[in-house]
Every structure is written in C-alpha cells, then in structure tokens.
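# Observations on the three-dimensional arrangement
One-letter residues, chain by chain:
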Amino acid sequence: MNITTDIFYVGVNDHTTDLFEGQFPIPNGMSYNSYVILDEKVAVLDTVDRNFTEEWLGNVREALAGRKPDYLVVHHMEPDHAANIANFVRAYPEVTIAASAKAFTMMEQFFPDTEFPNRLVLANGSVLELGKHSLTFLAAPMVHWPEVMVSFDSCDHILFSADAFGKFGALDVDEPWDDEARRYYIGIVGKHGVPTQTLLKKAASLDIHRICPLHGPALTEDLSHYLNLYQTWSSYEPEESGIVIAYTSVYGNTAQAVRLLADSLIAKGCQKVAVYDLCRCDMSAAVADAFRYDRLVLATTTYYNNVFPFMSDFLQRLTERNLQKRKVALIENGSWGPLAAKQMKEKLSGCKNLQFAEQEVRIRSALNAESREAVERLAEELA
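Report follows, based on the coordinates. (Residues numbered from 1 in each chain as written. Predicted model: local features only at pLDDT ≥ 70, side-chain atom pairs only at ≥ 80, totals over all residues. Heavy atoms only, no water.)

## Description of the environment of R372
Quick reminder of the rule: Going along the chain from the N terminus, every DSSP run of H or I of four or more residues is numbered as a helix, and every run of E of two or more is numbered as a strand. Think of it in three bands: with a 1.4 Å probe and only protein chains considered, a residue is buried below 20% of the maximum accessible area for its type, exposed above 50%, and partly exposed in between.
Here R372 lies in helix α12 (residues 369–382). On the basis of relative accessibility, which here comes to 37%, the residue R372 falls in the partly exposed class. With 111 residues separating them in the primary sequence, R372 and L261 have C-alpha atoms 9.1 Å apart.

## Digging into the sheet that holds strand β10 (residues 119–122)
Under the convention used in this document: Between any two strands, pairing holds if DSSP finds at least two bridges. Note on definitions: angles span 0 to 180 degrees between N-to-C directions of axes, and those axes are lines fitted to C-alpha atoms, for helices only across the stretch in contact. It only takes one pair of heavy atoms within 4.5 Å for two residues to be counted as in contact.
The sheet built from six strands is open, its strands ordered β1-β6-β7-β8-β9-β10 with mixed pairing. Every other strand in the sheet has two partners, leaving β1 (7–9) and β10 as the edge strands with one partner each. Taken pair by pair, the neighbouring strands of this sheet meet at an average axis angle of 20°, ignoring direction. In the sheet, strand β9 (residues 96–100) pairs with β10 via four bridges, with the strands oriented parallel. What sits directly across from I97, in β10, is R119. Helix-sheet contacts for helix α1 (residues 53–64) involve β1, β6 (35–38) and β7 (42–45), and the interaxial angle to β6 is about 15°. Helix α4 (residues 101–110) rests against β9 and β10 of the sheet, and its axis sits at about 115° to β9.

## Examining the pairing of strand β16 (residues 240–247)
What counts is decided by this rule: Handedness of a crossover is defined as follows: with both strands directed away from the viewer, a clockwise route from the first strand across the helix to the second makes it right-handed.
Buried residues dominate β16, accounting for six of its eight residues. Sheet topology note: the β16/strand β18 (residues 293–303) ladder contains six bridges and is parallel. Pairing of I245 across the sheet is with V297, part of β18. Read as a crossover between parallel neighbours, the route from β16 over helix α8 (residues 253–267) to strand β17 (residues 273–277) is right-handed.

## Regarding the packing of helix α5 (residues 177–189) against helix α7 (residues 223–235)
Selection rule: Crossings are classed by handedness, with left-handed meaning an anticlockwise turn of the near helix from the far one by less than a right angle and right-handed meaning a clockwise turn. Note on residue classes: Ala, Val, Leu, Ile, Met, Phe, Trp, Tyr, Cys and Pro are nonpolar, Asp, Glu, Lys and Arg are charged, and everything else, Gly too, is polar.
The N-to-C vectors of α5 and α7 enclose an angle of 35°; their axes lie 11 Å apart at closest approach. With respect to the hand of their crossing, α5 and α7 are arranged in right-handed fashion. Of the residues in α7, those in contact with W177, D178, A181, R182 and Y185 of α5 are H225, Y226, L229, Y230, W233 and S234. Across the contact of α5 with α7, the residue classes tally to seven nonpolar, two polar and two charged.

## Quick look at the packing of aromatic side chains
Heads up, the rule is: Any two of the Phe, Tyr and Trp rings considered here, Trp counted by its six-membered ring, make a pair once their centres fall within 6.5 Å; the pair's planes then place it as stacked at under 30 degrees, edge-to-face at over 60, or tilted in between. For a ring to carry a charge above it, either NZ of a lysine or CZ of an arginine must fall within 6 Å of the ring centroid while also lying within 35 degrees of the normal to the ring plane.
Per the stated rule, a full pass over the model turns up 19 aromatic pairs. Among the aromatic side chains, those forming a connected cluster through ring pairs are F165, W177, Y185, Y226, Y230 and W233. Cation over ring: K345 sits above F356, and NZ or CZ is 5.2 Å from the ring centre.

## So, the pattern of salt bridges
Applied cut-off: What makes a salt bridge here is a side-chain nitrogen of Lys or Arg within 4 Å of a carboxyl oxygen of Asp or Glu, nothing more.
All told, the structure shown has 22 salt bridges when counted by the stated rule. Put simply, R292 and D289 hold a salt bridge, and the shortest N to O gap is 3.8 Å. Residue R292 and its partner D289 are located together in helix α9 (residues 283–292), separated by three residues, close to a single helical turn. Here the two residues R292 and D289 agree in accessibility, since each one is buried. The partner of K342 in a salt bridge is E346, with the nearest N and O atoms 2.9 Å apart. Here K342 and its partner E346 are both found in helix α11 (residues 340–347), four residues apart, which amounts to about one turn of the helix. For K342, a relative accessible area of 48% gives the class partly exposed. Classification of E346 by relative accessible area gives partly exposed; the value is 41%. By sharing partners, the salt bridges in this structure join D179, R182, E239, E240, K272, D289 and R292 into a single network.

Shown next, in the form of structure tokens:
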C-alpha cells in the first residue's frame, strides 16, 4: 500500500489476539505498522509482532522489488514492533540497524544469541540521509518506553510517531478514530502525560502533513483534531462535560442506587451519563471514559474492610494513570461496617486537583427513604 510515491506500508493486521498486552480487549483486531522508504538508500521502519513474521517479510520483499535494505530503523523496542529484528538481520545480514543507545541495550536483552555488528546509534536531532528523503530523529522517552524515538521525513512531511497517535483496531475495519485512540492512549500511555507534552512541543515546530503511527491508520486530514486531543489527554483536562458512574454490586442493592442516580441525572438534563458495571464491563473503556468526562461517581460495597476487588482494580488503574482535575462523588454500601467511602478516598489521595462532592451516599444493606433522598441530593449537586 502506497503512503506516498516512495513510501510503502508493509504492516499486518492481527485478528487472532483477543487481549492486547494481555489486558485490553481488541474486538476489532490490531494493526502492527511497518514502512519502507525507497530512495537512493532504502530504509525499513520497524518490524511487527512475532506471530506475523512470514507475512511481514513477504510484504517487505514485495515492496523492495529486488533491492536490498540499507537500514532497519527501530523507533520502539516493544515486542509487537521489534520481535522480528533478529529475523530481519538473518534475512539481510548487511543491513545497518539505526536505533537509540537504549534501544540497542534492549535489543541485546531480547535477542541474547544474535549479533548486531552494523549499528547506527541515534540521538535527539540525528539525521539519516537516504537521498531526497532525510529522517530527523527526535527523542521521545517514556512515550511510552524510555528508548522511544520518532522521526520526521522532511521530503513528504511525515511524522513517524512510534506509539503516539496509535489506536486499537485493525486497518481493514472501518471505525471512528477517537474512541479507540482514547482507550489506547489512556490505557497504554496515560501515565506519561508530561513526556507526551514534551513531544507535542517538539512536533509543533515541524511542518507535518501526515502522521504514520505504529498502530492504526495514517492520519492525513485535519491534523489539528488529533493534536488537540493529545494535548487534552496528556494535560489530564476533561475532554467534555459528562458523568461516569462506575460501580460494583453484590446482591443488586448498590446497582439499584446507581440506576436511581442515573435516571435522576438524565431527568435533570445531563445528556452524557455513562454507567459501568466494573464486574462485567471492559475495564479499559471505563477508565478511558473516566478521563474523557469531568465528573466521576464511584459506588461500591465494603469488602474485607476495604472496597470490592473490581473497584479496587479500577481505582488502581485511575491512580497509576494520574487521574486529576475531576469532581468525584462516592456511594458506599455496608451492612454492619461501611468503610468503602473512606477507603476510596485514601486510594485517591495521591491524585491532584480532585474535588469531592459534598453529598456522600451511605446505604445500609438496601435503599431506604433516607438513602434515596441522599441519592437525589447527589444528583442535584452533580447536575
């Protein structure tokens, strides 16, 4: 597939993996992107997951059309992109690998039985001349591994962005970009907002016409839309006005309170209310929406003097991704010793700029007139 006259897509689509990185559901598959630049010198950019070795090597051979590659550029050493480095070197033993110093250290760790004698160590600002195409490399540490680099082709004005601007979903599936890119960014990169901001500042000085990530489609139109979303996500600002209600319920009583709250919020004009049963939902979608909207309700039961396990998992995912700048409301249920609200606050204590709702809801086993009234007061406060 042509990206431009001289640049070809040689990646693959994965419809066999059910969980990306062992935790993120990918019902529409995943793409592992790789590119070939044909110029006076030939560069192959990144490899793919090990389950697609032969398909990828075949794609590369077809794009090369009898030529031999001069360079294998490694932007990122995560195995879904770098698993075939040793296989590529065996197929093209004269190739020079271009990567950061930290990437070469990781390469030796991943491939302890392979020699990599032809090396070009890249640093921030390094330029690889291929002919009319030249790649300028920018260090992007912790977006989202420490060895990551991105590169800019000044000929076709393309940013090869590594995992930045990627999304879940294979390229042969037509779906909106925002939702799966948000779930991908928050899940994969979300903790590293400050490094992402640093990369955005570097990118702002470039005349970018196209972004080619290592997952998802090449981005060509209205690049400001994607750049603005990354600015919002990486600064932890709410993307839009809305309320996420995330809950766990053992015998249905907490779920009943959540339904009562959601119905009341909608009746009061809240157009975007997303409800997630944490025991059954795609947790990564719930996390992504918690970062998407400006208000969050947490409802759970006390369990072993703590919060219910699925809520504990959810809170850990929020805190390790630096949740901040949100209004948070708490609903707890306990038959004899309700402690969930106290424990949830403690788990969120490291988060910056959270505003807790004045109205907390405490349920003793099941809703009664008092707790129903508390739910209604909470709806009024949130709306």
